[in-house]
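Now for the letters of each chain:
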Amino acid sequence: MYCSASTIDAAHLALATQVGTEIADRGWQLVSGGGRVAMMGAVATAARAGGAHTIGVIPRHLVHREVADIHVDELLVTDTMRERKQIMADRADAFLTLPGGIGTLEEFLEIWTGADLGMHDKPVVVLDPYGHYRGLFQWIRELQTLGFIGKAALERMTMAASVPDAFAALRTSS
Ligand code: AMP
């Protein structure tokens, strides 16, 4: 799960809570950034409340800033951000990106790029019910038209506007 560690907007927290509940309802585990704040915290809290096993991976220097989730089932504290990303990528069976800022964008673009380059074959899904990423995806389509992004890259990622569509795509092995 990649999502905001900043916003406390009610609609986005509700989305995060819904996603956490859906993860638990499916008997899935959550791998997230290990923070207790904002959407990241809301997903983990809801997943855990539903009985899901939650795994949080957080770099040591962010333990205070992102308020490490001490209730997580497995809290992995890494020395570096690179280690965090590697562990999250290794432990996850699929990647879901919710609305977020530059941290989320960075994580999503790296995991999508990795999929396009054949570095992993796990589903890459963006859930965007409110048009948070409208500008980004409009630009990405323009880049495809101009020949900077291949059709195969776009096909390697799913943009979902609803929670059921996102979970259907997460289940689909590429
Ligand atoms: P943001 O979308 O900016 O609210 O950040 C969401 C999460 O991404 C936070 O947990 C950040 O610590 C994390 N983050 C920021 N930069 C990176 C990065 N380079 N690699 C992995 N995670 C990051």
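The structure this text deals with has already been given above.
This report concerns the structure included in the present document. Here the structure is a predicted model, which means the values were calculated and not measured.

**Structural notes on the overall build of the chain**
Step number 1: Assigned secondary structure in the chain consists of 7 helices and 6 strands.
Step number 2: Listed N to C, the secondary structure of the chain is α-β-α-β-β-α-β-α-β-α-α-β-α in terms of helices and strands.
Step number 3: Its C-alpha radius of gyration of 15 Å places the chain within 12% of the 16 Å reference for a compact globule of 174 residues.
Step number 4: With the C-alpha coordinates of the chain rotated into their principal frame, the extents come out at 45 × 30 × 30 Å.
Step number 5: Counting all 174 residues of the chain, 47% fall into the buried class.
Step number 6: When the accessible surface of the chain is totalled, it reaches about 8,900 Å², and 55% of it is carbon and sulfur.
Step number 7: Positive and negative side-chain charges in the chain, numbering 15 and 20 respectively, have mean positions lying 1 Å apart.

**Section: unusual backbone geometry**
Step number 1: Phi is positive for Ala-38, close to 50°, though the residue is something other than glycine.
Step number 2: Here Ala-38 lies in helix H2 (residues 38-49).
Step number 3: For Ala-38, a relative accessible area of 14% corresponds to the buried category.
Step number 4: Look at Val-67: it is not a glycine, yet its phi comes out positive at around 50°.
Step number 5: Its relative accessible area of 31% is what places Val-67 among the partly exposed residues.

**Re the packing of aromatic side chains**
Step number 1: Counted according to the given criterion, the structure contains 5 aromatic pairs.
Step number 2: Measuring from centroid to centroid gives 6.1 Å for Tyr-2 and Phe-95, while their planes differ by 10°, and the two rings are stacked. Taken together, the positions of Tyr-2 in the segment before helix H1 (10-25) and Phe-95 in strand E4 (residues 95-97) put the pair 93 residues apart, joining distant regions of the chain. The pair formed by Tyr-2 and Phe-95 is uniform in burial state, with each residue classed as buried.
Step number 3: Summarising the aromatic geometry, the rings of Trp-28 and Phe-167 are spaced 5.6 Å apart at their centres and angled 35° between planes, so their arrangement reads as tilted. Here Trp-28 is found in the loop between H1 and strand E1 (30-32), whereas its partner Phe-167 is found in helix H7 (residues 163-171), with 139 residues between them in sequence.
Step number 4: Three or more aromatic residues joined by ring pairs form one cluster here, namely Phe-108, Trp-112, Tyr-133 and Phe-137.
Step number 5: A cation sits over an aromatic face here: Arg-26 above Trp-28, 5.9 Å from the ring centre.

How each quantity is defined
- Residues numbered from 1 in each chain as written.
- Predicted model: local features only at pLDDT ≥ 70, side-chain atom pairs only at ≥ 80, totals over all residues.
- Heavy atoms only, no water.
- Helix = DSSP H or I, 4+ residues; strand = E, 2+ residues; numbered from the N terminus.
- Rg over C-alpha atoms; globule rule 2.2 N^0.38 Å.
- Buried < 20%, exposed > 50% of the residue type's maximum accessible area, 1.4 Å probe, protein only.
- Areas by Shrake-Rupley, 256 points an atom, 1.4 Å probe, with all protein chains shown as cover.
- Lys, Arg positive; Asp, Glu negative; His and termini not counted.
- Charge placed at Lys NZ, Arg CZ, Asp CG, Glu CD.
- Phe/Tyr/Trp six-rings, centres within 6.5 Å; stacked < 30°, edge-to-face > 60°.
- Lys NZ or Arg CZ within 6 Å of the ring centre and 35° of its normal.

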